[in-house]
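Understanding the architecture of this molecule
Residues per chain are reported as follows:
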Amino acid sequence: MIKQKINTTNTCQEFDSLRAALVKLEASKVKLIVVIGEHGQIVRTVSDGDIRRALISGMSLDDSVSKLPTRNPVVCQEDSDESEVVAAMNNNSVNTIIQVDSKDLPVFLINKKDLEGSILLSSPHLGESETNYVQDAIDSNWIAPIGPYLNRFEQDLSAICDRSHAIAVASGTAGLHLAIRALMIKQDKRIYVSDLTFIGSVQPILIEKHEPVFIDCEPGTWNMSTKALERQLKLDKDRNRLPGAIIVVHLYGQPANILEICKIANAYDVPIIEDAAESLGATVNGEASGCHGLISVYSFNGNKIITTSSGGAVVTNCPKIASKIRYLATQGRDNCLHYQHSSIAYNYRMSNVLAALGVGQLEVLKDRVKARRNIFSRYVQSLTRVPGISFQQEVPDTLGNRWITAIEIEPRSENLHPFAIMKILKSEGIDARPGWKPMHMQPICYGYDYIPHDEQTSYSERHFMRSICLPSGSNMPSRSQDRVISAILQILTKETN
Ligand SMILES: Cc1ncc(COP(=O)(O)O)c(C=O)c1O
């Protein structure tokens, strides 16, 4: 807990002018100064807002601060710990509090954003084994992109996601690139992809010079619209230009309606690549998210539910595809003693050291899912009562890993636009971010087809304009979540009142 000693820089006297108070405020880190009486006692606090309101009501900058309307300062004892400070702030709906000594004289100023520093969106959360495994990999000198931990990581992952083959690679994007290459899709073929996603789902399509077709999300789940997908497949079949693959993203860790999507795609004989970058640990009818498409890809970058620092994996039940992916990920080296290469390929394998990190992280995956689901539930309990807020819905019979809790806020006023809210949260040290910007709105994707859920509304655009991703890390203390919740309630209820 960072405290600022109360001294002449953050105080003024009762009979100082508003102008003098403003000068102090300008230099103040917490944008609040304490007004001190003749015996050193606290008279009140003054903020920018107090002076603004005073000027509006007709006071002048030469008037003294003693003329401001009375307001009792919020204080707590000098020896109060962080949780007591947070409770006092929350109970009194203030962001700054004064700590007083046994004689009620002011000693410290504490601002909410200095309590625990910033609250991050989703930071890495290591368990107990990772350091030992990484140390072991180093001690045994298995530093290369092969080694016992790489094998173990792949075996453990294929068991968790119930796939015969898992190939650990350098990133989720690399995994998607390999998946597209392994399907040997002809260059002029289109590839359908969820519109609401991170650019990593789409870059490999562009790199391979295929034409992306962006499929809108549906309301509620914000995942690929089965309605838009089916409509477009019918149309493209009639025009004899069915896509080479469909890349289905499981947004924010919530499985899309994958069983229905597989049914639709099978009817047109189009293979499915699941972009399960965000959904490791989620389930569909009790089965792992990422075990339904022909190929699925996970990401283990630093913000994911588990991490290998950077990394990804491709999983499949098809042995031919698995061996093609291994081949392409290792420079396309032919199966002979000397170095011989017959294909354009990549250096995309994960290193044994990072796989050691991954082995430890897989051990705690279930705990991480539980923690994120609890975080989601607390947000729902605390924020549902605010009119106009909605949460991502689960497709029936699926359990998301709730990697990120995102909310949509119905627009009410300029001040309540999600971007304005995120700005305020940021000023309070809370790392809230916009939802993904739809792919059809990305400059690099202008000109490609976009298939909306229905003609009237683009649900992915609507999501982008209304969404806020809230801090969701499994290592976020509950008091940090309290801080996020109370900050949002303060912004939204202030606006409504
Ligand atoms: C939906 C989605 N697809 C693909 C990726 C790409 O994964 P990576 O960052 O490991 O390349 C990510 C991760 O950021 C993602 O969220």
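Model, not experiment: these values are computed from the prediction.

**Notes on the domain arrangement of the protein chain**
Taken domain by domain, the protein chain consists of domain 1 (4–114), domain 2 (130–363) and domain 3 (365–442 + 454–496). In this structure, domain 1 and domain 3 have C-alpha centres spaced 32 Å apart. Listed by partner, the interface residues are seven residues for domain 1 and eight residues for domain 3. When the two sides are added together, the surface that domain 1 and domain 3 hide from each other amounts to roughly 680 Å², 44% of it contributed by carbon and sulfur. On the domain 1 side of the contact with domain 3, Asn95, Lys112 and Lys113 bury the most area, a combined 58% of that side's loss.

**Focus on unusual backbone geometry**
Phi is mostly negative for residues that are not glycine, and the peptide bonds are mostly trans. For asparagine 240, which is not glycine, the phi dihedral falls at a positive 60°. One can find asparagine 240 in the loop between α8 (226–238) and β11 (245–249). With relative accessibility at 71%, the residue asparagine 240 sits in the exposed group. The backbone of arginine 402 shows a phi angle near 50°, a positive value even though the residue is not glycine. The residue arginine 402 is located in the loop between β18 (398–399) and β19 (405–409) in this model.

**Observations concerning a negative patch on the surface**
Taken together, Glu78, Asp79, Asp81 and Glu84 make up a surface patch of like negative charges. Locating glutamate 84 in the fold gives a position in helix α3 (residues 82–92). Residue glutamate 84 is classed as partly exposed on the basis of its relative accessible area, which comes to 44%.

**Thoughts on the nonpolar core**
Membership of the largest hydrophobic core comes to 39 residues, with the highest contact counts inside it found for Phe153, Leu157, Tyr252, Leu280, Tyr298 and Phe300. Of all the secondary structure elements, the ones that give two or more residues to this core are α4 (130–139), α5 (148–160), β8 (165–169), β16 (312–316), α11 (352–363) and α12 (365–383). Among the elements that take part in this core, α11 stands out by supplying six residues, more than any other. Each of domain 2 (130–363) and domain 3 (365–442 + 454–496) gives at least three residues to this core. In contact with phenylalanine 153, other than residues within four places in its own chain, are Ala168, Phe300, Thr308, Met350, Ala355, Gly358, Val359 and Leu362. One finds Ile185, Ala245, Ala345 and Tyr346 within the second-largest nonpolar core, a separate group that totals 34 residues.

**Considering α4**
If you check which residues of α4 are buried, you get Glu130, Tyr133, Val134 and Ala137. Along the long axis of α4, the arc covered by the buried residues comes to 95°, so they all point the same way. α4 presents Thr131, Asn132 and Asp139 as exposed residues on the side facing more than 90 degrees away from its buried surface. Against α5 and α11 lie the buried residues of α4. Positive backbone phi, approximately 65°, marks asparagine 141, located one or two places after α4.

**Describing the packing of aromatic side chains**
Tallying each qualifying case throughout the model produces seven aromatic pairs. Considering the side-chain rings of phenylalanine 153 and phenylalanine 300, the 5.3 Å spacing of their centres and the 70° angle between planes classify their relative orientation as edge-to-face. Here phenylalanine 300 lies in the loop between β15 (295–299) and β16 and phenylalanine 153 lies in helix α5, a separation of 147 residues in the sequence. In this structure phenylalanine 153 comes out as buried when scored by relative accessible area, which is 0%. Against the face of tyrosine 339 rests arginine 333, its NZ or CZ located 3.8 Å from the ring centre. Seen from the ring of phenylalanine 376, arginine 402 lies directly overhead, with NZ or CZ sitting 3.5 Å from the centre.

**Description of the environment of arginine 378**
With respect to the helices, strands and loops of the structure, arginine 378 is situated in helix α12. Those residues in contact with arginine 378 that lie beyond four places of it in its chain are Ser478, Gln481, Asp482 and Ile485. In this structure the side chain of arginine 378 is engaged in a polar contact, spanning 3.4 Å, whose partner is the backbone oxygen of serine 478.

**Remarks on the pattern of salt bridges**
Counting across every chain of the model gives 17 salt bridges. Where glutamate 211 meets arginine 190, a salt bridge forms, and the shortest distance between an N and an O atom there is 3.1 Å. Of this pair, glutamate 211 sits in strand β10 (residues 211–215) while arginine 190 sits in strand β9 (residues 190–194), and the two are 21 residues apart along the sequence. Residue classification places glutamate 211 among the partly exposed residues on the basis of a relative accessible area of 29%. Look at arginine 190 and you get buried, because its relative accessible area is 4%. A salt bridge links aspartate 236 to arginine 241, with the nearest nitrogen and oxygen atoms 3.0 Å apart. Given a relative accessible area of 28%, arginine 241 falls into the partly exposed group. Beyond isolated ion pairs, a larger network of salt bridges with shared partners links Arg190, Glu211, Asp236, Arg241 and Asp449.

**Topic: the side chain of threonine 308**
Within the fold, threonine 308 resides in the loop between β15 and β16. In this structure the side chain of threonine 308 is engaged in a polar contact, spanning 2.9 Å, whose partner is the backbone oxygen of serine 310.

**Some words on α3**
Turning to α3, its buried residues number three or more, namely Glu82, Val85, Val86, Ala88 and Met89. Looking down the long axis of α3, one finds its buried residues gathered within 160° of arc, a one-sided arrangement.

**With respect to the site of the ligand**
Near the ligand you find 15 residues, and of these Gly172, Thr173, Asp275, Glu278 and Ser299 are the closest. Within the side chain of threonine 173, an N or O atom sits 2.5 Å from an oxygen atom of the ligand. Contact between the ligand and glutamate 278: an oxygen atom at 2.6 Å from a side-chain N or O atom of the residue. Split into classes, the residues belonging to the shell around the ligand amount to four nonpolar, eight polar and three charged.

Conventions adopted
Residues numbered from 1 in each chain as written. Predicted model: local features only at pLDDT ≥ 70, side-chain atom pairs only at ≥ 80, totals over all residues. Heavy atoms only, no water. Domains from an automatic or database assignment. Contact = heavy atoms within 4.5 Å. Buried area = accessible area lost by both parts, 1.4 Å probe. Helix = DSSP H or I, 4+ residues; strand = E, 2+ residues; numbered from the N terminus. Buried < 20%, exposed > 50% of the residue type's maximum accessible area, 1.4 Å probe, protein only. Patch = residues over 30% accessible without salt bridge, like charges linked within 9 Å, V, L, I, M, F, W, Y side chains within 5 Å. Areas by Shrake-Rupley, 256 points an atom, 1.4 Å probe, with all protein chains shown as cover. Salt bridge = Lys/Arg side-chain N within 4 Å of Asp/Glu carboxyl O. Lys, Arg positive; Asp, Glu negative; His and termini not counted. Charge placed at Lys NZ, Arg CZ, Asp CG, Glu CD. Core = buried A, V, L, I, M, F, W, Y, C linked by side-chain atoms within 4.5 Å. Arc of directions from axis to C-beta. Phe/Tyr/Trp six-rings, centres within 6.5 Å; stacked < 30°, edge-to-face > 60°. Lys NZ or Arg CZ within 6 Å of the ring centre and 35° of its normal. Polar contact = N/O pair within 3.5 Å; in protein donor to acceptor, adjacent residues only side chain to side chain. Near = heavy atom within 4 Å. Nonpolar A, V, L, I, M, F, W, Y, C, P; charged D, E, K, R; others polar.

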